[in-house]
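Remarks on the overall topology
The lines below spell out each chain.
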Amino acid sequence: MKPTKLIIQAFGPFAGTEEVDLSVLGDNPLFLINGPTGAGKSSILDAICFALYGQTTGAERSGTQMRCDFADVQTLTQVTLEFILGDKHYRITRKPMQERPKSKGGGFTVQNSEAAIWEIDGSDNDRLMVSSSVKEADVAIKTLIGLDVEQFRQVMVLPQGKFRELLLADSKDREKIFSQLFQTSIYKKIEDALKEQAAGIKKAVDEHNIKIKGLLEGANLLTEAEIETSLNQLTPKLAEAVRAKNTAEFRVKEYDKNLHDANQLLLKFADMDAKIIALQQHEMQAANITDKKSQLKLASTAQIIQPNFVALDAANQSLHDIKQQYNQSEQRLNEAQSQVEIGLATLEQAQNAAQNIQDDRQKLTELQRYAKLSDKLKAAQNVLGLALTAQETSQVAFDTKQNEIATLNAAIAQKDADLKALNITIQPLAQEQIKLNGLAQVLAKRTQLDTAQQELSSLEQATANAKTHFDNANAELSKLNIQAMQTELTWHTNQAVLLASELADGEPCPVCGSLEHPHLASQNNALDVVTKEEVDVAREQVVQAAAARDIAKATYDEALSNETVQGRQIKALQEELGEAAWLSLAVVTEQFNQQNTKVKGLVSLQQQIVDITKALTEEQSQLSTIEEICSTLQAQAARDKEQCLLAQSKVTHLEEQTPLEYRDAELLSSNITTLTQQIENLDTALTTARDQEKQLQTELATAQGTHQSVAKQLDDITKNQKTAQAKWQAALSASVFDDEESFSQALLSHDEQEQLQEEIATYTATLAELNGAKTQLASELADKEKPELSDIQNALEQATAELSEQEAHWRELDQRNNQLLELQKKLAEAHTKNAALDEQYKVIGTLSEVANGQTGDKVSLQRFVLSVLLDDVLIQASQRLMHMSSGRYQLIRKEERAKGNKASGLELEVNDTHSGKSRPVATLSGGESFMASLSLALGLSDVVQAYSGGIKLDTLFIDEGFGSLDTESLDLAVRTLIDIQNDGRMIGIISHVSELKSQMGHRIDITSSTMGSKIRVIAA
């Protein structure tokens, strides 16, 4: 990852927008970040780290706390970073949570944190990867760069006061960093997979053992040998139970057949009785059937003469209908004759009224001519009215504009006077503004001093708590040390007693070799018995207590360091504030507020000058415009007066041609409309009367023809009705019916006749069926008697009860037998699976223990791989450290196993060629630690890029540390950095050392002022 451009806005000490274009320094620059204390050198590294991860390099301040106090309230805090990763170019912009002015109304609102990432691909808008989500941006950056924020701080940025962290990290922390850098997660996955597989196999073996035990307990057995014994005892009992069950089943079947036969015979006797009753009930319907047969015969006779009756009924209906039609046609004929007479009278009246139409038409022509003249006169009068109005309007507009010109001249003169007075009043503004800026800086630092003093109180309390915890841990360690020594002494004493009990006179002592043993150790002289395990436990407790004491000591040291740093910051702030440090915050705030009010008043006057100047310019422009308009209006008034005279002449001419009585256009139009309508009404009435008279004559002729036709039909239908009446009377007289009423009563429909026939046939068939069934059953039961069921049922119940007992006994024995056989099968399968699992665990379990560091030196597979990689890193780092330390120091890996269960294999030591011994890296001095840290970071960068194509460590930022080097070491360190830069890396250095400024042509200079800091990039 190589930064190319950094844009900082309202961040740290930078109040405005500052752009750092690193591309102007070349492809792989070595540059110095230079500036006075507090100007913002470290803030550049904070900005880079914040843009990528949302955190600062030192993790001491959040993004929200990085907002510049001098920034304008309208300017949001944000950082934009462009960087190259491999052959791709990216840009990220990040904003912290902050307050901003509301878009509407007064006051402030909270602006949530945002982050956006683009891939700069040459397109118009670039490819957006993350739009605004901070979480998505964090994940994307970690995926792209391959490092989280802690790892970035340790391998790409050596921040102020933090450069020793990577050097002093323990095996566990260094494993986390290196596994990410070298992408060795595959080995960790192998460890986890083997561990999980081994645990699965062990769990399966335990489950099978539990299953075997559960199977035996479920069968009420203690051992597997009892299964075969129980089966041998069950075999003869089961065979006897089967024989007894089969005998009982045969007896039940025999009794059940006898019961079935008896039930069938009883059913036949019951059926015989039912058939006799049914036959008797059926024969009782004989009289009703005879009546139905007679009814059916009369209906057949009535059906023969029914056509004559239907014909007569139809003839009567036709005669009734034709009579109605005759009466209706006669009525329509009379009405038509009346309408013809009325139409003739209407026609004669219309002809008389139409004789005066010609005179009306001549009068209409004359009125229409005068109407045209009246319209022209009215139009001319309208033109004259508009001309008069236009003349008056243009004159009024001209007069109005002249008045506006006078008003504007007066206003312009007044504003000129106001501007002169205000310019004199605001002359002190610049001086007062400078004074306000100074008070603002004092207020900010005084506020920071109060906050720092409050934090110091908290840190002092934390230091006291840490000191108490450390003292307690130290006391606990001393106590456990004494207990462990007492336990170990007791164990050795016990061992002496055991040895003495085995000694005999004349035999040499295995300790001193003496043949005489005058004072043997005895149990009475020994303390309580202590085992070797208790000694190991006591020692382990001491190790754990020592580790707890070390942690408490580190916590106490860190708390004490934080308290000291905070005290120094407070002292620095007090020195910067001078006498203002001893003023209360309220007094400083009041001074600032008073000066701010004064400046705001002058600024408001300055704004008034701007507003008045703007208004004056607008009024002068407006005056020029109005003067031009006034000239135009004067010319327009003259033209309007001329048009008015022409319109008046035309009106006078038309009034001479139009008589006074015809000048009223509305009245004239009404007369024309009335006369026109009158003529149209007379024409329409005459035409309508003629057409109506013709139509009525046609309707009269039609009514006469229709009446004649209906009269002829009436005569024919009357004759047909009389003929049908005669035929019906003849047929009725020849039948068995006395009158028409008896005929109607006997008449049945077709469905009713079919129903009677069906009822008669059903009765006859049922009678024959019952007689046949009765005869058949009488024949079958001739020599039979009704059986007694109770004896048969009692015998069957006894046999069934015996069968139930035999089946229950057999089932109990059979279930037990099947249970034992199934148990034998399941146990055989379980033993087979257990054997297979045991074979698997011999391989997988052993591999898991070795891969997870549970054997030997307690080094896991991933830590072993990383130790090999660390050796490569240390080779590269030691070459540079030897060069910078004039051949004195080498970094080596500590190979001996750590105490207790602590992870080991990745600890570092330094080999001192002056003493010929190795010692912990924590024993190096400040300058030596800086050189070692720098060497380790550079070596790590070399090896990571050699092993991994995914993570690019081609940038390194170093914040301070050079001041701890002497002149020779400084020169060697700079030469080393130049060599690294020539290998294709960007290296940025923050330092106050003056020698560095003279040696480096590429610089980023930072200057500070009362209004914030500024950045300038200088390329050699």
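Look up: the structure comes first, before these words.
Okay, so let's go over this structure. Per-chain numbering applies: the sequence of each chain, read as written, is numbered from 1 onward. With the structure being a predicted model, the display of local features is reserved for residues of pLDDT at least 70 and the display and counting of side-chain atom pairs for 80 or more, all residues being used for whole-chain, interface and lining totals. Working from all heavy atoms in the structure, the side-chain values ignore hydrogens and water.

Further remarks concern the overall build of the chain. For helices the rule is a DSSP run of H or I covering at least 4 residues; for strands it is a run of E covering at least 2, with both sets numbered from the N terminus onward. Scanning the chain from N- to C-terminus turns up 20 helices and 17 strands. Against the globule reference of 31 Å for 1020 residues, the chain gives a C-alpha radius of gyration of 64 Å, more extended than a compact globule. For the chain, the spread of C-alpha atoms along the principal axes amounts to about 170 × 150 × 55 Å. If you take every contact in the chain between residues at least 6 apart in sequence, the share linking residues at least 24 apart comes to 76%. Note that accessible areas follow from Shrake-Rupley with a 1.4 Å probe, and for residues the cover is restricted to the protein chains shown. When the accessible area of the chain is evaluated, it comes to approximately 59700 Å², of which 51% is carbon and sulfur surface. Charged residues are defined here as Lys and Arg on the positive side and Asp and Glu on the negative side; His and the ends of the chain fall outside this count. Where a charge sits is defined by one atom per residue type, namely NZ (Lys), CZ (Arg), CG (Asp) or CD (Glu). Averaging the coordinates of the 101 positive side-chain charges in the chain and doing the same for the 146 negative ones gives two points 5 Å apart. Computation of the radius of gyration draws on C-alpha atoms, with the globule rule given as 2.2 Å multiplied by the number of residues to the power 0.38. Any pair of residues with heavy atoms lying within 4.5 Å of one another is described as a contacting pair.

Next up on the list: the packing of aromatic side chains. Here the aromatic set is Phe, Tyr and Trp, taking the six-membered ring for Trp, and pairing holds for ring centres within 6.5 Å; pairs whose planes are under 30 degrees apart are stacked, those over 60 apart are edge-to-face, and all others are tilted. Tallying each qualifying case throughout the model produces 5 aromatic pairs. The interplanar angle of 35° and the centroid separation of 5.6 Å between the aromatic rings of F11 and F50 together place this pair among those described as tilted. Of this pair, F11 sits in strand β1 (residues 2–11) while F50 sits in helix α1 (residues 41–53), and the two are 39 residues apart along the sequence. On the accessibility criterion, F11 (0% relative accessible area) is buried. Each ring, one from F31 and one from F957, has its centre 6.4 Å from the other, and the planes form 70°; the classification is edge-to-face. Highlighted residues: F31 in strand β3 (residues 30–34) and F957 in strand β14 (residues 955–959), separated in sequence by 926 residues. In this scheme, a residue with accessible area under 20% of its type's maximum is buried, one over 50% is exposed, and one in between is partly exposed, where area comes from a 1.4 Å probe on protein chains only.

You can see S179 is positioned in helix α5 (residues 171–181). Separated by 687 residues in the primary sequence, S179 and L866 have C-alpha atoms spaced 7.2 Å apart.

Here a patch means residues that are over 30% exposed by relative accessible area and free of salt bridges, tied together within 9 Å if like-charged and within 5 Å if nonpolar (Val, Leu, Ile, Met, Phe, Trp, Tyr). A pairing counts as a salt bridge when a side-chain nitrogen of Lys or Arg comes within 4 Å of a carboxyl oxygen of Asp or Glu. Side chains of D738, D739, E740 and E741 sit close together on the surface and give a patch of like negative charge. Structurally, D738 is set in the loop between α13 (665–734) and α14 (740–746). You can call D738 exposed: its relative accessible area is 76%.

Two quantities define a packed helix pair, namely the angle between the helix axes and the distance between the axes. Axis lines are fitted to C-alpha atoms, over the contacting stretch for helices. Their N-to-C directions set the angle, which ranges from 0 to 180 degrees. Direction vectors running N to C along helix α7 (residues 225–283) and helix α15 (residues 750–780) enclose 150°, while the axes themselves pass 9 Å from each other. Classified by the angle their axes make, α7 and α15 are roughly antiparallel. Taken as a pair, α7 and α15 cross one another with a handedness that is left-handed. Contacts between α7 and α15 pair K268, D271, M272, K275, I276, A278, L279, H282 and E283 from the former with Y763, T766, L767, L770, N771, A773, K774, L777, A778 and E780 from the latter. Three classes are used, and their members are as follows: Ala, Val, Leu, Ile, Met, Phe, Trp, Tyr, Cys and Pro are nonpolar, Asp, Glu, Lys and Arg are charged, and the others, Gly among them, are polar. The residue inventory of the contact of α7 with α15, partitioned by class, reads 10 nonpolar, 3 polar and 6 charged. Orientation is classified from the angle alone, with under 35 degrees giving roughly parallel, over 145 giving roughly antiparallel, 65 to 115 giving roughly perpendicular, and any other angle giving oblique. Each crossing gets its hand from how the near helix is turned against the far one by less than a right angle, where anticlockwise is left-handed and clockwise is right-handed.

By the criterion of burial, strand β4 (residues 78–85) is predominantly enclosed, with 7 of the 8 residues buried. Here β1 runs beside β4; their pairing, made up of 7 bridges, is antiparallel. Each bridged residue has a counterpart across the sheet, and for Q9 the counterpart in β4 is Q78. In short, DSSP must find at least two bridges between two strands for them to pair. Between the end of β4 and the start of strand β5 (residues 88–95), which pair antiparallel, lie 2 residues, with G86 showing a positive phi angle near 70°.

Read from one edge of the open sheet, 6 strands run β2-β1-β4-β5-β8-β9, paired in antiparallel fashion. At either margin of the open sheet sits one strand with a lone partner, and together these are β2 (14–21) and β9 (127–130). Taking each pair of neighbouring strands and ignoring which way they run, the sheet shows an average axis angle of 15°. Pairing of β5 with strand β8 (residues 114–119) involves 6 bridges; the strand directions are antiparallel. Across the sheet, the residue bridging to R91 is W118, located in β8. Contacting β1, β2, β4 and β5, α1 runs over the sheet at an angle of about 100° to β1. Sitting on the sheet, helix α2 (residues 134–145) is in contact with β4, β5, β8 and β9, with an inclination near 40° to β8.

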